[in-house]
Amino acid sequence: MARFEHHVFVCENVRPPESPRGCCSAKGSAEVRARLKDELEKRGQKGLVRANGAGCLDQCAFGVTMVVYPEQVWYGGVTVADVPEIVEALVAGKVIDRLRIPDTKLTGKAAAGGGGASGPSCGVSR
Ligand code: FES
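Below, the structure is looked at part by part. (Residues numbered from 1 in each chain as written. Predicted model: local features only at pLDDT ≥ 70, side-chain atom pairs only at ≥ 80, totals over all residues.)

Another point: the pairing of strand 3 (residues 66-69). Direction of pairing for strand 1 (residues 6-11) relative to strand 3: antiparallel, over a ladder of four bridges. Following the sheet pairing, His7 is matched in strand 3 by Tyr69. Sheet topology places strand 3 next to strand 4 (residues 73-75); three bridges connect them, and they run antiparallel. For Val68, the partnering residue across the bridge sits in strand 4 and is Val73. If you look at the hairpin formed by strand 3 and strand 4, you'll find three residues sitting between the two strands, and Gln72 has a positive phi there, around 60°. (Pairing = 2+ DSSP bridges. Helix = DSSP H or I, 4+ residues; strand = E, 2+ residues; numbered from the N terminus.)

This next bit is on unusual backbone geometry. Each neighbour pair has its own omega, and for Gly63 with Val64 the value is 0°, a cis peptide bond. In this structure, Val64 sits in the loop between strand 2 (49-54) and strand 3. A cis amide bond, omega 15°, links Tyr69 with the succeeding residue Pro70. Within the fold, Pro70 resides in the loop between strand 3 and strand 4. In this model, Asp58 sits at a positive phi of 65°, which is unusual for a non-glycine residue. Tracing the sequence through the fold places Asp58 in the loop between strand 2 and strand 3. A residue is classified by how many C-beta atoms lie within 10 Å of it, and Asp58, with 12 of them, is exposed. At Gln72, a residue that is not glycine, the phi angle is positive and equals roughly 60°. (Buried ≥ 20, exposed ≤ 12 C-beta atoms within 10 Å, placed from the backbone.)

Structure (C-alpha cells):
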C-alpha cells in the first residue's frame, strides 16, 4: 500500500447549471487536478503527494477548492495557473496566503483547541 506524505483533495463535484450553489467542476476543477498531477510528477513528487479527486468539500462559495492533508490547509479560487505555485509551496512547507481560505470562513466545526493549521506556515517538513 502506498504511503503518501500529503494528500491534496480537489473538489470535482458536479451540479446542474441551474443550481444556486454552483460547483467546482463548472469552474475547471478537473483541469486543476490534471495540472496538479502533471506538476507533481514534473517535480519528482509522485509517490509522495497524492492528488485526489473529491466530491463536494462543502466550501462551494470558494471554488475551485482544495485541501491539503495532513496540514488541513484549504485553498479556494484555485485556477490552473496557480498550480505550480501551490506545488512549490507544498514542497517548501509553506502556505500561499492569497489562496488560503481563512479558518473563520470555513464551514464545519473546528476541533477543541482550534484544530487546523494556523499562522503563516503549515509546518510541513520534508
Ligand atoms: S462544489 Fe466544490 S466545494 Fe462544494
